Amino acid sequence: MRPAQLLTILDREFTSTTEGHHTPVMLWGPPGVGKSQIVAEVAARHSVPVIDIRLSQMEPSDLRGIPFRKDETVEWAVPGILPNTKRHGPKGILFLDEITSAPPSVSAAAYQLILDRKLGEYEVPEGWAIFAAGNRQGDRGVTYTMPAPLANRLSHFEVETNLDDWVAWAWTNGIDERVIAFLRFRPELLFDFDPAHNPVAFPSPRSWEFAHRSLQKFSNQPQLLLGTLQACVGPAAGIELHAFINSLDKMPDLDDITQGNEVPVPDEIDLQYAVAAALVGRAIRARNDSNATDIIGHILRYANSFPQKEMGVMLVSDLHRAIGETLFQVPEFADWATAIGEVMLYG
């Protein structure tokens, strides 16, 4: 399932905790596809904490607690990591990450916690959602088969990669527009993991964020940039991204475009992707300026000049993801929509 759809599902599962309809959720997927990021985004939306428990690093007693003598009986000391209203607040997310990497003795301790929201005398506070995540057995990670009693206590979703969802996230989080442009140009490289070859570095939504960081740190050190990009996304993808970035000196003048001057569209398809992403970046940076409407209007007019109309549609779609419904208030949007509608109908 797409990340955007899962975000909606987990958001609703979180709000349902106070209604008595919450079902614990298990997210399956290979490394780097953004399972943890989806959970973190739900928490950020509601301004609540996430308690991230890595079951793979725990012993059964770490979750169940330790026994202590009280008079003539033995009681259990509840672990401080579990949600507590006084310490952590009335609402939040208990995230059991790497659950498939936990040995069976530890996952067995989580059975009651997940289904009954209890562990001995301890109860999960009413406003806390329970989410879990883990890798599949074919992903070359350290994994155990999920026991049937545990699996039956969760609803299961597989996280798929989706470029549009990643681009929307990337614009929101300030990812370098050169990385976004490259992945628009080479969408199959958003996630390229072959567990049979067990690569160390490979393209994934997470590692493209690392590549973004490398660009911020090493763009002014060209002798190091290629190696640092390869260290993030692997040898082949690193070379392709580096070559793509080096070709950007042939790009047209973006200032001319945003000022409304006539600028020809580059013939090279990779440069067209780069121009489209760069113009979205310009729109984001200009949206609070007094002349933002003019700048966005000029970008919309330029979107109609691409020889492949799909490129203009992609540009405007990314504009909408980046700046929201502000786009619809720009007068040139209606002209663009009319023109593209005629192409779709009669082209």
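As annotated in an unreviewed UniProt entry, the protein is AAA+ ATPase domain-containing protein from Thiolapillus brandeum.

Caption draft 1: View of the nonpolar core. Among the nonpolar cores identified, the biggest contains 62 residues, and Trp-166, Leu-183 and Trp-208 are the most heavily contacted of them. Looking at which element gives the most residues to this core, the answer is helix α14 (residues 269-286), with 12 residues. Trp-166 has contacts with Ile-175, Val-179, Ile-180, Leu-183, Leu-190, Pro-205 and Trp-208, leaving out every residue within four places of it along the chain. Judged by nonpolar contacts, the second largest core, of 27 residues, contains Ile-51, Ile-53, Met-58 and Ala-132.

Caption draft 2: Representation of the pattern of salt bridges within the structure. One pass over the structure, following the stated rule, counts 17 salt bridges. The closest approach of N and O atoms between Arg-54 and Asp-97, which form a salt bridge, is 3.6 Å. Taken together, the residues span a long stretch of sequence, with Arg-54 in strand β2 (residues 50-54) and Asp-97 in strand β5 (residues 91-97) at a distance of 43 residues. Note on Arg-54: relative accessible area 29%, which makes it partly exposed. Judged by relative accessible area, Asp-97 falls into the buried class, the value being 6%. With a shortest N-O distance of 2.9 Å, Arg-178 and Asp-176 are connected by a salt bridge. The exposure class of Arg-178 is partly exposed, given its relative accessible area of 24%.

Caption draft 3: Seen up close, the domain arrangement of the protein. Segmentation of the protein into domains returns domain 1 (3-158) and domain 2 (163-346). Spacing between the C-alpha centres of domain 1 and domain 2 amounts to 37 Å. Between domain 1 and domain 2, the contact holds 11 residues from the first and 10 residues from the second. Counting each side, the surface lost to burial between domain 1 and domain 2 is near 850 Å², with a carbon and sulfur contribution of 58%. Linking domain 1 with domain 2 are zero salt bridges. At the junction of domain 1 and domain 2, the tally comes to two residue pairs in polar contact (both at pLDDT 80 or more).

Caption draft 4: Here's a closer look at a negative patch on the surface. Together, Asp-71, Glu-75, Glu-121 and Glu-123 give the surface a local cluster of negative charge. By secondary structure assignment, the location of Glu-121 is in the loop between β6 (118-119) and β7 (122-123). For Glu-121, a relative accessible area of 81% puts it in the exposed group.

About the thresholds
Residues numbered from 1 in each chain as written. Predicted model: local features only at pLDDT ≥ 70, side-chain atom pairs only at ≥ 80, totals over all residues. Heavy atoms only, no water. Core = buried A, V, L, I, M, F, W, Y, C linked by side-chain atoms within 4.5 Å. Buried < 20%, exposed > 50% of the residue type's maximum accessible area, 1.4 Å probe, protein only. Helix = DSSP H or I, 4+ residues; strand = E, 2+ residues; numbered from the N terminus. Contact = heavy atoms within 4.5 Å. Salt bridge = Lys/Arg side-chain N within 4 Å of Asp/Glu carboxyl O. Domains from an automatic or database assignment. Buried area = accessible area lost by both parts, 1.4 Å probe. Polar contact = N/O pair within 3.5 Å; in protein donor to acceptor, adjacent residues only side chain to side chain. Patch = residues over 30% accessible without salt bridge, like charges linked within 9 Å, V, L, I, M, F, W, Y side chains within 5 Å. Areas by Shrake-Rupley, 256 points an atom, 1.4 Å probe, with all protein chains shown as cover. Lys, Arg positive; Asp, Glu negative; His and termini not counted. Charge placed at Lys NZ, Arg CZ, Asp CG, Glu CD.

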